[in-house]
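This is what each chain is made of:
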Amino acid sequence: MFCRYRWYTRYGVVMDKKLLYNKKSRHFIIPLVIAFFAILISIFVFYGIYLKSINSIFADSNTKQISEYSSQAVTIVEERLKNNFAALEQLSSVFYESENLFSDTVVTYLKKKVEDFNSLRLDIILPNGEAIVIEKNGNVRTDINLGIRDYFKTSMTGKNAVEFLESSLVDQQQVFICSVPIYYHDKISGVLLGAYDTASLEEMIVKNGPNDTDFSFMVTKEGRLITGKEHEALQTIDSNFYNALTEKNFLSKEAYESFFNNINTRKKGFSSITLGNDSFYFAYNPLSFNECYLFTMIPTTAFTFAIKHFNLLTSILCIIEVIFFVFLAVFFLLVFRKNRNDLYDLAFKDSITGGGNNAWFQYEAEKILKNNPNEQYALVMLDIDNLKLLND
């Protein structure tokens, strides 16, 4: 009678004797291989999802960080203008009772005050456009008519005004003008203005960022650069920022159209752009005056380096995990194979002669008879005398 259902165990491995006999069959390895590759695929899928999630988190963080820098720069600019207007309004209130704004008393007073102001000059403009200019060095000019200036016309309606001049005929440099109306008994009698160096404003917003690679600049409603002209990233821009941008500068046509739609509707936003050979993330915010915009740009390399570094470390860890898993799987297969061979020898080999034992003979005989049922066979039995001496 064949011992089909006897079990053998060693090193924690349990195996049916019939399966143990058919050790040359490799069918049992197929499920292990399938499981192995399934786990590997799961690792890589999880890794891909994880990297995508991490990159998305980095992108959101970058957007928030750059937008925050841009908002801070906007606050700096508008606080500067607010302070300028507050100082000019306080100064203009002194002339509430002054009937003659060109009097020696007024000029002497402005000469003293111009040294206290962080401005290049202080001007008083009469309703007819005639102006008296008090420069910081003490020079006084009365040969200028500023009646055609937009800031003068705006302030004559009772509003504060600001204007950015690319090249002032008075100062012979780039300046921005802040002007306020002067009242004489509730009636506008003229305009008081201060001229300020645009470079000082540019320096304030440039220093706002976290490092030397980022920068902020301002543009007018039409796109003319107010600040940032000297920055190497903007050297390819021919004075007008908007006119220099095309679809090629953006990642897609949709991004290009979205940018200009936001500009036209006075909305803030975030995008990426290519200028020359460099790529930038940039945030843009509308300013509260003259429909100007402020842009803050940071090179993409400032963030992609951190992302690549993190991805590299994560990839190395993933590779180490895969190598460890492969090593573990190979080790398990080798141990399993060795244990199976040991169990085979224990079950089907004679420990003294190394030949097949009775169980081996039963399975071999069964296989031969089953495969060749019409053949006739002879059984030969050998008896060895005095085998006990060898056993003992």
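Provided above is the structure to which this section pertains.
Let me sum up the structure you'll find in this document. (Residues numbered from 1 in each chain as written. Predicted model: local features only at pLDDT ≥ 70, side-chain atom pairs only at ≥ 80, totals over all residues. Heavy atoms only, no water.)

### What to know about the environment of Y151
Here is step 1: Assignment of secondary structure puts Y151 in helix 4 (residues 150-155).
Here is step 2: Expressed as a C-alpha distance, the spacing of Y151 and V191, which sit 40 residues apart in the sequence, is 9.3 Å.
Here is step 3: Ignoring any residue separated from it by four or fewer positions in sequence, one finds Y151 in contact with I125, L146, A161, E163, I177, S179 and L193. (Helix = DSSP H or I, 4+ residues; strand = E, 2+ residues; numbered from the N terminus. Contact = heavy atoms within 4.5 Å.)

### A short note on a nonpolar patch on the surface
Here is step 1: A cluster of nonpolar residues, V33, F37, I41, V45 and I49, forms a patch on the protein surface that exposes about 470 Å² of accessible area.
Here is step 2: Within the element layout of this structure, V33 appears in helix 2 (residues 29-92). (Patch = residues over 30% accessible without salt bridge, like charges linked within 9 Å, V, L, I, M, F, W, Y side chains within 5 Å. Areas by Shrake-Rupley, 256 points an atom, 1.4 Å probe, with all protein chains shown as cover. Salt bridge = Lys/Arg side-chain N within 4 Å of Asp/Glu carboxyl O.)

### A closer look at the sheet that holds strand 10 (residues 269-275)
Here is step 1: Reading across from one edge, 9-12-11-10 is the order of the 4 strands in this open sheet, with antiparallel pairing throughout. Taken across any chain shown, the strands that pair with only one partner, and hence form the sheet edges, are strand 9 (215-219) and strand 10. Ignoring strand direction, the axes of neighbouring strands in this sheet form an average angle of 30 degrees.
Here is step 2: Sheet analysis places strand 10 next to strand 11 (residues 278-286), joined by 7 bridges and oriented antiparallel. The residue of strand 11 that forms the bridge with I273 is F280. (Pairing = 2+ DSSP bridges. Axes fitted to C-alpha atoms, helices over the stretch in contact; angles between N-to-C directions.)

### Comments concerning the side chain of S155
Here is step 1: By secondary structure assignment, the location of S155 is in helix 4.
Here is step 2: What makes S155 buried here is its relative accessible area of 0%.
Here is step 3: From its side chain, S155 meets the backbone oxygen of K159 in a polar contact 3.2 Å long.
Here is step 4: At 2.7 Å, the side chain of S155 forms a polar contact with the side chain of S179.
Here is step 5: When neighbours within four sequence positions are excluded, S155 is seen to be in contact with N160, A161, S179, V180, P181, I188 and V191. (Buried < 20%, exposed > 50% of the residue type's maximum accessible area, 1.4 Å probe, protein only. Polar contact = N/O pair within 3.5 Å; in protein donor to acceptor, adjacent residues only side chain to side chain.)

### Things to note about the nonpolar core
Here is step 1: Core analysis: the largest hydrophobic core is formed by 35 residues, its most contacted members being I124, F164, M218 and F289.
Here is step 2: Mapped by element, the contributors of at least two residues to this core are helix 2, helix 3 (104-114), strand 3 (121-125), strand 4 (130-135), strand 6 (161-165), strand 7 (175-184), strand 8 (187-197) and helix 5 (198-206).
Here is step 3: Ranked by size, the runner-up nonpolar core spans 22 residues in total, among them F217, L234, I273 and L275. (Core = buried A, V, L, I, M, F, W, Y, C linked by side-chain atoms within 4.5 Å.)

### Observations regarding unusual backbone geometry
Here is step 1: In this structure, H185 takes a positive phi of about 55 degrees despite not being glycine.
Here is step 2: Inspection of the secondary structure assignment puts H185 in the loop between strand 7 and strand 8.
Here is step 3: With relative accessibility at 40%, the residue H185 sits in the partly exposed group.

### Remarks on the side chain of N249
Here is step 1: Locating N249 in the fold gives a position in the loop between helix 6 (241-244) and helix 7 (253-264).
Here is step 2: Of note is the side chain of N249, whose polar atom sits 2.8 Å from the backbone nitrogen of T246.
Here is step 3: Ignoring anything within four residues of it in the chain, the contact list for N249 reads A244, S272, I273, T274 and L275.

### Comments concerning the pairing of strand 11
Where a strand is regular, its side chains alternate between the two sheet faces.
Here is step 1: Linking strand 10 back to strand 11 in an antiparallel pair, the connection comprises 2 residues, with G276 at a positive phi of about 65 degrees.
Here is step 2: Here 7 bridges tie strand 11 to strand 12 (residues 293-299), and the two strands are oriented antiparallel to one another. Bridging from a neighbouring strand, P286 pairs with Y293 of strand 12.
Here is step 3: Between the end of strand 11 and the start of strand 12, which pair antiparallel, lie 6 residues, with N290 showing a positive phi angle near 55 degrees.

### With respect to helix 3
Here is step 1: All buried positions along helix 3 are accounted for by V106, V107, L110 and V114. Buried residues of helix 3, viewed axially, fall in a sector of 95 degrees; they line one side. Exposed and oriented more than 90 degrees from the buried face of helix 3 are D104, T105 and K112. (Arc of directions from axis to C-beta.)

### Comments concerning the sheet that holds strand 5 (residues 140-145)
Here is step 1: Pairing is antiparallel in the open sheet, where 6 strands are placed in the order 5-4-3-8-7-6. At either margin of the open sheet sits one strand with a lone partner, and together these are strand 5 and strand 6. Strand-to-strand twist in this sheet, taken as the mean axis angle between neighbours without regard to direction, amounts to 25 degrees.
Here is step 2: Direction of pairing for strand 3 relative to strand 4: antiparallel, over a ladder of 5 bridges. Paired with D123 across the strands is V133, a residue of strand 4.

Without other data, these values stay purely geometric and don't point to any function.
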